[in-house]
Amino acid sequence: MKRWLVVLLVLLALLILIAPGIVGRLAEDNIAQNIEWAEHDSPGVIIETELFDRGWFTSEGRHRVVFDGVEFTDAADQYQAATGNPELPSLIIDTSLDHGPLPGGTPGIATTYSTFQIDPGNGQVIDVPGQLTSRVSLGGTTTADLVIEPGTFDHEDARLEWQGVEMNFVSNPSSGAIAVDGQVMPLEVSADSERFSIGATTITADQTRSAFGFNVGTVDVKVGEIRMEEPASLVTIDGISLTADSSIDDDRVSAASTFAIDRIAVPAIGDVNFDMDIAFSDIDAASAAVIGKALQDAQGSMDPEAALQAMYPDIEEEVETLFRRGFSMKMEQFDVTLPQGVVASRIDLQVPPMDDDSAFDWSTVLLNMTADIDVRIPGPIYEMIAMMNAQAGSLVAMGILKQDGGDYVMEAEYAQGLVNVNGSPMPIPMPGM
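As the structure is a prediction and not an experimental result, all values here were calculated from the model. (Residues numbered from 1 in each chain as written. Predicted model: local features only at pLDDT ≥ 70, side-chain atom pairs only at ≥ 80, totals over all residues. Heavy atoms only, no water.)

It is worth spelling out the nonpolar core at this point. One finds Phe 323, Leu 349, Val 351 and Ile 377 to be the most contacted residues of the largest nonpolar core, which totals 34 residues. Sequence-distant contacts of Leu 349, defined by excluding residues within four places in its chain, comprise Phe 327, Ser 328, Met 329, Met 369, Thr 370 and Ala 371. In terms of nonpolar packing, the next biggest core, distinct from the first, is built from 15 residues, Val 45, Leu 146, Val 165 and Ala 205 among them. (Core = buried A, V, L, I, M, F, W, Y, C linked by side-chain atoms within 4.5 Å. Buried < 20%, exposed > 50% of the residue type's maximum accessible area, 1.4 Å probe, protein only. Contact = heavy atoms within 4.5 Å.)

Below is the structure:
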């Protein structure tokens, strides 16, 4: 009996004296994984570790989130001109990790408590009234709750007022899973006689990092009323919504998204609405990943326009593979609602796969693909455009638009190198033919 008592005491000593140091290292590694993951998903955003003091039962860390990529060059210049601060604002995160035998009172690797400060760019930090509480499980999953209390910040004649933030995050860098659910309460910025406000924003996302380096899953974002007020004008937006759903089956990715802007009240124009519903199916995931990364790198270069123009030779093989394997794109809705009516567009594009043993040729792609495009323009809108642009007025004479009651429509079909517009065939030139 005494022997088992000694064993238990030794195990207890190991748990109390040795385990905290081990889990402290594991917690530190978990933070490093999350930093690497966040930087991968946010080009131009850098998370600097200013200190990490790993203790036996508790550790302390400080990280700074800075915007240092070329994506923010213009913003940095404008910010410096407006404020005189040499750098863009940065976010300082101070974290305390509790990784004793039972961190936070329940089993796990560590419980962390983070507070925030904002450095406006001049080193004079501003406290943010809130805290992020997170817990790292033995399996590496981090569950975090972010609560930012309501507050205000005044600087000279400008004021920022926010109603708070409540967000929940669940992530696991090793599996690539991340889920977000929460709400950013309304906030308002005012200076002199100008005012900008944005209503409550809800965010729900459940995504997983794919083997191809990009995330798939669902996203749902809803933004409340937006007001941009100046002495001579007022622009309001009732709301913005975005939904997206993507998945990978074998090595093909499919994605669908909707985007809507509800009632933009524009002076001298009136109320305008936008609605879009688009879906892609059976896209080669590996090629899409390479092309997407190249586009991201080009947009983050010192001269994005030149980089975009020069990038095609680097991705030519991937583009050919994309078209060789085939895909489809359907835009079920692209509507712009104006006071005079709704300009409605629909597109259905089908690119069938090519034989694997055949040589790639763009003429073959164009001959095999099919497309349908439908456009409907209310008469008053077309007449207004025709008055402003004489070339637009000739579209009816050319047969590209035809009158259908009070509207002007285009019904175009493409197949085997021939475009049929409103019943009239229009052959198009083919590369190499």
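For the rest of this paragraph, the subject is a nonpolar patch on the surface. On the surface, Met 384, Ile 385, Met 387 and Met 388 cluster together into a nonpolar patch covering about 470 Å² of accessible area. With respect to the helices and strands, the residue Ile 385 is situated in helix H7 (residues 379-388). (Patch = residues over 30% accessible without salt bridge, like charges linked within 9 Å, V, L, I, M, F, W, Y side chains within 5 Å. Areas by Shrake-Rupley, 256 points an atom, 1.4 Å probe, with all protein chains shown as cover. Salt bridge = Lys/Arg side-chain N within 4 Å of Asp/Glu carboxyl O. Helix = DSSP H or I, 4+ residues; strand = E, 2+ residues; numbered from the N terminus.)

Another point: unusual backbone geometry. For Gln 416, which is not glycine, the phi torsion reads 55 degrees and is therefore positive. Locating Gln 416 in the fold gives a position in the loop between strand E23 (407-415) and strand E24 (418-421). The class for Gln 416 is exposed, based on a relative accessible area of 66%. Of note, Asn 422 is a non-glycine position whose phi angle comes to about 50 degrees, a positive value. Along the chain, Asn 422 turns up in the loop between E24 and strand E25 (424-427).

Taken together, the eight bridges between strand E4 (residues 110-119) and strand E5 (residues 126-136) define a ladder with antiparallel strand orientation. In the sheet register, Tyr 113 faces E5, and the bridge partner there is Thr 133. Hairpin connection between E4 and E5: a loop of six residues separates the two successive antiparallel strands, and Gly 121 in this loop has a positive phi of roughly 115 degrees. Here E5 runs beside strand E6 (residues 142-148); their pairing, made up of seven bridges, is antiparallel. Within E6, the residue paired with Arg 135 across the bridge is Thr 143. Taking the residues that link successive antiparallel strands as the turn, the E5-E6 hairpin has five residues, and the phi of Gly 140 there is positive, at about 95 degrees. (Pairing = 2+ DSSP bridges.)

A few words now on the packing of aromatic side chains. Taken as a whole and judged by the stated rule, the model has five aromatic pairs. Ring geometry for Phe 360 versus Trp 362: centroids 5.0 Å apart, planes at 85 degrees, classification edge-to-face. Trp 362 sits in the partly exposed class, given a relative accessible area of 30%. When the centroid spacing of 4.3 Å and the interplanar angle of 35 degrees are considered together, the rings of Tyr 382 and Tyr 408 count as tilted. A residue pair is termed long-range when its members are at least 10 positions apart, and Tyr 382 in helix H7 and Tyr 408 in strand E23 qualify at 26 residues. For Tyr 408, a relative accessible area of 10% translates into the label buried. Among the aromatic residues, ring-to-ring pairing joins Phe 323, Phe 327, Phe 360 and Trp 362 into one connected group. (Phe/Tyr/Trp six-rings, centres within 6.5 Å; stacked < 30°, edge-to-face > 60°.)

Glancing now at the side chain of Asn 422. What makes Asn 422 buried here is its relative accessible area of 15%. Of note is the side chain of Asn 422, whose polar atom sits 3.1 Å from the backbone oxygen of Gly 399. Side-chain polar atoms of Asn 422 contact the backbone oxygen of Ile 400, separated by 3.0 Å. When neighbours within four sequence positions are excluded, Asn 422 is seen to be in contact with Gly 399, Ile 400, Leu 401, Lys 402, Val 409, Met 410 and Glu 411. (Polar contact = N/O pair within 3.5 Å; in protein donor to acceptor, adjacent residues only side chain to side chain.)

Since the α-helix turns once every 3.6 residues, residues separated by three or four places project in the same direction. The complete set of buried residues in H7 reads Gly 379, Ile 381 and Tyr 382. Taken around the axis of H7, the buried residues stretch over an arc of 160 degrees, which confines them to a single face. Those residues of H7 that are exposed and aimed more than 90 degrees away from the buried face are Met 387 and Met 388. (Arc of directions from axis to C-beta.)

For the pair helix H3 (residues 285-299) and helix H5 (residues 312-325), interaxial distance at closest approach is 9 Å and the crossing angle is 140 degrees. Relative to H5, H3 is oriented oblique. Remark: the crossing between H3 and H5 carries left-handed chirality. Contact residues: Ser 287, Ala 288, Val 290, Ile 291 and Ala 294 in H3; Ile 315, Glu 318, Val 319, Thr 321 and Leu 322 in H5. Its residues placed into classes, the contact of H3 with H5 shows seven nonpolar, two polar and one charged. (Axes fitted to C-alpha atoms, helices over the stretch in contact; angles between N-to-C directions. Parallel < 35°, antiparallel > 145°, perpendicular 65-115°, else oblique. Left-handed = near helix turned anticlockwise from the far one by under 90°. Nonpolar A, V, L, I, M, F, W, Y, C, P; charged D, E, K, R; others polar.)

Positionally, Asp 94 belongs in strand E3 (residues 90-98). Engagement of the side chain of Asp 94 in a polar contact is seen with the side chain of Arg 62, the distance being 2.6 Å. Excluding anything up to four places from it in sequence, Asp 94 contacts Gly 61, Arg 62, Tyr 113, Ser 114, Thr 115 and Gln 117.

On to the pairing of strand E13 (residues 201-209). With eight bridges connecting them, strand E10 (residues 177-184) and E13 associate as antiparallel partners. Counterpart to Gln 183 in the pairing with E13 is Thr 202. Sheet analysis places E13 next to strand E14 (residues 215-223), joined by nine bridges and oriented antiparallel. Of the residues in E14, the one forming a bridge with Ile 203 is Val 221. Once E13 ends, the chain turns through five residues before running back antiparallel as E14, passing Gly 213 with a positive phi of about 95 degrees.

Attention now moves to the pattern of salt bridges. According to the stated counting rule, one finds 14 salt bridges in the structure shown. Between Arg 64 and Glu 50 there is a salt bridge, and its shortest N-O distance comes to 2.6 Å. With a gap of 14 residues between them, Arg 64 in strand E2 (residues 58-67) and Glu 50 in strand E1 (residues 45-54) connect regions that are remote in the sequence. Between Arg 325 and Asp 284 there is a salt bridge, and its shortest N-O distance comes to 2.6 Å. One end of the pair, Arg 325, is in helix H5; the other, Asp 284, is in strand E18 (residues 270-284), with 41 residues separating them in the sequence. When its relative accessible area of 27% is taken as the criterion, Arg 325 is described as partly exposed. By sharing partners, the salt bridges in this structure join Glu 50, Arg 64 and Asp 119 into a single network.

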